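# Structure assessment
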Amino acid sequence: MFSCCNKSGIHPKSNKITRGEPIEKALLPKLIVLPLSQGIGAPPTCLVKPQDYVKKGTLIAEASSFVSSNLHASTSGTVLKIDRTIAPNGQYTQAIFIEPDGLDEWEEGKNVSSLVSTKEEILQRIKECGIIGMGGAGFPTHVKLNVPKDKKIQNLIINGAECEPYLTADHRLMLEESSNIIKGIELLRVVLGKDVRVYLAIEKNKPDAIEVMRRTIKEEDASIEVLPLETRYPQGDERTLIKTVTGKKLGAGKLPFELGCVIQNVGTVFAIYEACYFNKPLIERVTTISGPAILKGKNKRVLLGTQFLDLLQECGGMYSDVVQVISGGPMMGKAEYTLEVPVIKTSSGVLFFDRASFQNYDEHPCINCGRCFEVCPQKLPPTVLARLSSEYNFDQAVKLGLKSCIECGCCSYICPSKRELVGWIRFGKNKVAKLGKK
Amino acid sequence: MHRFHEKKDVVWELGTDRYLKVSSSPFVRSSSNIRKIMLCVIIALLPSLISSCYFFGTRALCLSLVCVASCCLFQFLCDLLHKRAKSSLGDLSCVVTGLLLALNVPVTLPYWIAVLGSGICIVIAKEVFGGIGYNIFNPALVGRVFLLICFPAIMSNFGECVVDGISGPTPLTILKVEGISALSNFEIYKAFSGQILGSIGETSALAILVGGIFLVICKCIRLVIPLSFILSFLAISTLNFYLNPTLSDFTGFNFCSCPLLGYLSFHVLTGGLLLGAFFMATDMVTSPVTWKGKLLFGIGCGVLTAIIRLYGSYPEGVSFAILIMNSLVPLIDRFCLRKYQV
């Protein structure tokens, strides 16, 4: 009745067309493009030069500072050039171009059974293997796990919510690699301390995943609590997840460890398992290739650096005219203007939209309906923030919580006037960040 | 937009315009739009329209059609003047304005005055401020108050109820002019069903409540404004009831053998209170956006209505109260947008 009741978030059509598609290995592409910067942090320093021969898993760029991560060649071949490419975020970035030789030969000592078990070894291995958060933000995992000494971590939350429409990569991973994910979780438990409580958060629209994980946990006799979450976007957001699990609200600019929480994506946990058991660097990831414009959506294990062009062909080409290509989910992803964009460590999905599903919305004036206020998971006034940002009144916008926006897009989704609310808020946030640096 | 990068070894053809569209996320949107909201309001007003036809005859329907048609015409002309690329007729807001204006005027209103009122609604109250979303005052109420002030005699000739043939002033006018003793034969249930005089849409409380509940179910309005409006009005009326001995001694309204309850239900069911609370005060553009603001707004409307009705010289105060509160909406919104606590 009153809009003050705690019911934020939205229920977009889930469109998980690929939920029944088993994870397949993608074909070796003709060209691998590895942007140096794959997530948050300083870009690593390039270690190779053109004409160098690299093997699968060879370290080609080394972390340049603490918040930075290693980068490995995802297949064997010759380095063509080090040039700029267009990253999934639409900006030019330096990248290493590799021409695969088709042998797909592993570097010595990589991808062989070599288990590490102590805390220091695990952290070192995670750092060496260049693992970053694979849910979207791409924060280096070794930094996330390096909790300050005075902070005690009580909760480890494994994020398998996957609340974005279309995406099924984490869902399939949980179904097919359940015992390995649990092995990964146990490694994290070693790092964070034995008494940490582990929650595995899965949205209720994946009952099969909940069941499989529960069964596997029982078989492995692990003390992990599977937490079925109400299906509601943005349930898988870090802050929303902390609120759901602990009931506490994480303030703007604060990191989860300040509330005693560490959150890891299911995909990251699987990567940690592979790194610690087989010394396998992060060179491939499970990506959902889906959307109304392609013939057959698939969940693919894709080598990093594969261009979207190759992915499209692998799924049988187009069903109809592609007018929009999205890297990531449809709520928080980025629209690409070219298909020569590589898959990076954070690419959870690649979506192809056709003319019928892409609607060119006309913006209407705000009619003050207040729906964006109601759906905002951060309890912000989105239409006011968007207006203030568009007027360059950033001081006032910051006072009203501009920096707390998580850019989930609920406000733009629900807006009956189809206003670009989150677009303007994102603009304001970027401006404020730039002004703050000066 | 950037030129699509072509590759020679690519066998597939791109879309007809050979561009990829870039836009800001999210790339999926809900199906809600302004037209749907306005359509909900129109559906919610249908019970009132039907009941007005039943109680006042087909002229009520004709009057509504005239108001809607002239509002649409004025909207069309304004779109031409504004040189809008896309006509704003499609969002149906002018239909809602026309309907609301029609439901707020007496059945005897000459058609040319109805057209004039519609012109005031659309041109002065809405388009001069910039069209939908930018108007400060509820357009239909501006039109109504304009007519009320310019044509007081015509606007208080409520014609005849075709069902039981009653005519004359509204119950609230009787209360204001002749005092409460003149209402000793008044039956509350008639006010509930609509067998009283008044503007064509305000007489049947039942029809308004049906429409109001529909709006709440459709999530087009929140109950907070109507409830706070009516409850604060009732609070002032109760105070008035106990402070005024002639009211306390009056037994004509014995509803459930309680004079207070009778008095309160008389005030709620007669006049434009329900119509105003459910359809006018809840207009999204001219009401606050936060729920606290809505609460303040509703309370303000209720208190002002009670003061004008009980102590002012007009028998009715809903329109004035809502318009006054409309002017305070930006202030209320500013007040209710607290600093975000980190």
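What you see is a predicted model, and the numbers here were worked out from it, not measured in a lab. One numbering rule holds for all chains: residues counted from 1, following each sequence as written. For this description, chains carry letters from A and ligands carry numbers from 1, given in the order in which they are written. The predicted origin of the model limits local features to residues at a pLDDT of at least 70 and limits the giving and counting of side-chain atom pairs to 80 or more, whereas totals for whole chains, interfaces and linings rest on all residues. To obtain the side-chain values, all non-hydrogen atoms of the structure were included, while hydrogens and water were left out.

In this section: the overall build of chain B. Note on conventions: DSSP H or I runs of at least 4 residues are helices, E runs of at least 2 residues are strands, and numbering of each starts at the N terminus. Scanning chain B for helices and strands turns up 15 helices and zero strands. The cut-offs for exposure are 20% and 50% of the maximum accessible area for each residue type, with area from a 1.4 Å probe on protein chains only; residues under the lower value are buried, those over the upper are exposed, and the others partly exposed. When the 342 residues of chain B are sorted by exposure, 56% land in the buried category. Across chain B, every contact between residues at least 6 apart in sequence was considered, and the portion connecting residues at least 24 apart equals 76%. To measure how exposed things are, a 1.4 Å probe is used in the Shrake-Rupley method; for residues, cover is taken only from the protein chains shown. Surface exposure of chain B reaches about 14,700 Å², of which carbon and sulfur atoms provide 69%. Positive: Lys, Arg. Negative: Asp, Glu. His and the chain ends are not part of the count. In plain terms, the charge of a residue is placed at NZ if it is Lys, CZ if Arg, CG if Asp and CD if Glu. Positive and negative side-chain charges in chain B, numbering 24 and 16 respectively, have mean positions lying 11 Å apart. The contact criterion used is simple: two residues touch if any of their non-hydrogen atoms lie within 4.5 Å.

With that out of the way, let us pick up the pairing of strand β5 (residues 59–62) of chain A. Residues and elements named next belong to chain A. At least two DSSP bridges between two strands are required for those strands to pair. Here strand β3 (residues 45–46) pairs with β5 via two bridges, running antiparallel. Looking at β5, one finds that Cys46 is bridged to Ala61. One ladder, built from two bridges, connects β5 with strand β6 (residues 71–72); its direction is antiparallel. Following the sheet pairing, Leu59 is matched in β6 by His72.

A few words on the interface of chain A and chain B. The partner chain B presents 53 residues to the 68 residues of chain A that form the contact. Once two parts are joined, some of their accessible surface, as seen by a 1.4 Å probe, is lost; buried area is that loss totalled over both. Carbon and sulfur atoms supply 60% of the area that chain A and chain B bury against each other, a total of about 5,300 Å² over both sides. The largest share of the area that chain A buries against chain B comes from Tyr337, Ile367 and Asn368 of chain A, three residues that together contribute 13% of it. The term salt bridge refers to a side-chain nitrogen of Lys or Arg lying within 4 Å of a carboxyl oxygen of Asp or Glu. Along the contact surface separating chain A from chain B lie three salt bridges. The shortest N-O distance in the salt bridge between Lys86 of chain B and Asp362 of chain A comes to 2.9 Å. Here a polar contact means two N or O atoms within 3.5 Å. Within protein one must be a hydrogen donor candidate and the other an acceptor candidate, and residues neighboring in sequence count only if both atoms are side-chain atoms. Our count for the chain A to chain B interface comes out at 16 residue pairs in polar contact (both at pLDDT 80 or more). The set of elements that each furnish at least two residues to the side of chain A that touches chain B consists of α8 (308–314), β15 (322–327), β16 (334–336), α9 (371–375), α12 (410–414) and α13 (421–437) of chain A.

Further remarks concern the pattern of salt bridges. Applying the stated rule across the entire model yields 26 salt bridges over all chains. In this structure, Lys300 of chain A and Glu24 of chain A form a salt bridge, with 3.2 Å as the shortest nitrogen-oxygen distance. Placement of the pair is Lys300 of chain A in strand β14 (residues 298–303) and Glu24 of chain A in strand β1 (residues 23–25), with a sequence separation of 276 residues. Owing to a relative accessible area of 5%, Lys300 of chain A belongs among the buried residues under this scheme. Between Arg84 of chain B and Glu127 of chain B there is a salt bridge, and its shortest N-O distance comes to 3.0 Å. Of the two residues, Arg84 of chain B is situated in the loop between α2 (58–82) and α3 (93–103) and Glu127 of chain B in the loop between α4 (111–126) and α5 (139–150); the sequence distance between them amounts to 43 residues. In this structure Arg84 of chain B comes out as partly exposed when scored by relative accessible area, which is 28%. With a relative accessible area of 5%, Glu127 of chain B lands in the buried category.

This brings us to the domain arrangement of chain A. Residue and element names in this part refer to chain A. The domain limits used here are those given by an automatic or database domain assignment. Parsing chain A into structural domains produces domain 1 (28–104 + 281–356), domain 2 (119–278) and domain 3 (371–437). The gap between the C-alpha centroids of domain 2 and domain 3 is 29 Å. Taken residue by residue, the interface counts six residues in domain 2 and seven residues in domain 3. Of the roughly 540 Å² buried between domain 2 and domain 3, counting both surfaces, carbon and sulfur atoms make up 63%. Counting the surface domain 2 buries against domain 3, the share from its top three residues, Tyr233, Pro234 and Ala252, is 55%. Here domain 2 is connected to domain 3 by zero salt bridges. There are one residue pair in polar contact (both at pLDDT 80 or more) connecting domain 2 and domain 3. Note that Gly is not counted as nonpolar here; it falls among the polar residues with everything else outside the nonpolar set of Ala, Val, Leu, Ile, Met, Phe, Trp, Tyr, Cys and Pro and the charged set of Asp, Glu, Lys and Arg. Tallied by class, residues from the side of domain 2 that touches domain 3 come to three nonpolar, one polar and two charged.

Relative to the elements of secondary structure, Ser51 of chain B occurs in helix α1 (residues 34–56). Not counting residues within four places of it along the chain, the set of residues in contact with Ser51 of chain B comprises Ser204 and Ala207 of chain B.

To continue, consider the packing of helix α3 (residues 169–176) of chain A against helix α7 (residues 266–278) of chain A. Residue and element names in this part refer to chain A. Contact geometry for α3 and α7: axes closest at 9 Å, N-to-C directions at 45°. Classified by the angle their axes make, α3 and α7 are oblique. Contact residues: Asp170, Leu173 and Met174 in α3; Val266, Gly267 and Phe270 in α7. Considering only residue class, the contact of α3 with α7 consists of four nonpolar, one polar and one charged. Only the stretch in contact is used when fitting a helix axis, every axis being a line fitted to C-alpha atoms; angles between N-to-C directions are given from 0 to 180 degrees. Should an angle fall under 35 degrees it is called roughly parallel, over 145 degrees roughly antiparallel, and 65 to 115 degrees roughly perpendicular, with every other angle called oblique.

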